[in-house]
Amino acid sequence: QELTFSDWLGLAGIIVSLLGFGVAIWQLWKVKTAAESARDAAQSAKDGIRRLDSIVGFTSVSRSIDEIKEACRRDDFERLPMLFDQAWKALITARENNPTVGTTDNQTIQKSLSFFKMMELEMVKNDLAILSQNKPKYIKTLIDISEDMTVLANRVKIEEASNVS
């Protein structure tokens, strides 16, 4: 039995429909891949911004520590609670903005946060004799913390540079 013209048209319609379906599936795959790429790019940009904010945060902590050391040297104990609180908040912000903080860095940050809060409470007690007596020890600890913040900021800068390359 020979195929008629309408049979050939029906067969051509089926073939065209299958090709159209294949093209639709291929387009969906391309859209999915593009969406995943856009999501990855957005996440990468977000992480980069957070790392930069973290660098600014660690730098801000170091600046606050410099102000604290200067206030200690001048025996300006009235300003110290505010300065310790400012350093504490800056360090929390820096930690939250750095998605790659490791366990060792977290321990360093936690020790620094504890020191800042303890010092803020000491300043509120306002026992000037004890504060003056322990001033060299406090300044030494502040210098150590400042060095730790510099190391953390530099580590984040290196991570950022390696992610940009």
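Below, the structure is looked at part by part. (Residues numbered from 1 in each chain as written. Predicted model: local features only at pLDDT ≥ 70, side-chain atom pairs only at ≥ 80, totals over all residues. Heavy atoms only, no water.)

1. Focus: helix H1 (residues 5-73)
Stated precisely, the cut-off is as follows: Strands here mean DSSP runs of E at least two residues long; helices mean DSSP runs of H or I at least four residues long; both are numbered from the N terminus. Multiplying 1.5 Å by the helix residue count minus one yields the expected span of that helix.
Across its 69 residues, H1 extends 101 Å between first and last C-alpha, which sits within 8% of the 102 Å expected from 1.5 Å per residue. Looking one or two residues beyond H1, the residue adopting positive phi is Asp 75, at roughly 55°.

2. Observations concerning the pattern of salt bridges
Quick note on the threshold: For this analysis, a salt bridge means a side-chain nitrogen from Lys or Arg found within 4 Å of a carboxyl oxygen belonging to Asp or Glu. With a 1.4 Å probe rolled over the protein chains alone, any residue whose accessible area is under 20% of its type maximum counts as buried; one over 50% counts as exposed, and the rest are partly exposed.
One pass over the structure, following the stated rule, counts twelve salt bridges. Note that Asp 76 and Arg 74 form a salt bridge whose closest N and O atoms lie 3.5 Å from each other. The class for Asp 76 is partly exposed, based on a relative accessible area of 22%. For Arg 74, a relative accessible area of 45% translates into the label partly exposed.

3. Focus: the packing of aromatic side chains
We count it as follows: Two rings from Phe, Tyr or Trp (for Trp, the six-membered ring) form a pair when their centres sit within 6.5 Å of each other. Planes less than 30 degrees apart are called stacked, planes more than 60 degrees apart edge-to-face, and all others tilted.
If you walk through the whole model with that rule in mind, you get three aromatic pairs. Ring centres of Phe 84 and Phe 115 lie 6.2 Å apart, and the angle between their planes is 75°; on these two criteria the pair is classed as edge-to-face. Linking Phe 84 in helix H2 (residues 80-97) with Phe 115 in helix H3 (residues 103-125), this pair joins segments that are 31 residues apart in sequence. Judged on exposure class, the residue Phe 84 and its partner Phe 115 are both buried. Ring geometry for Phe 84 and Phe 116: centres 6.2 Å apart, planes at 50°, overall tilted. Separated by 32 residues along the polypeptide, Phe 84 in helix H2 and Phe 116 in helix H3 bring together distant segments of the chain.

The quantities given are spatial measurements derived from coordinates; they are silent on function.
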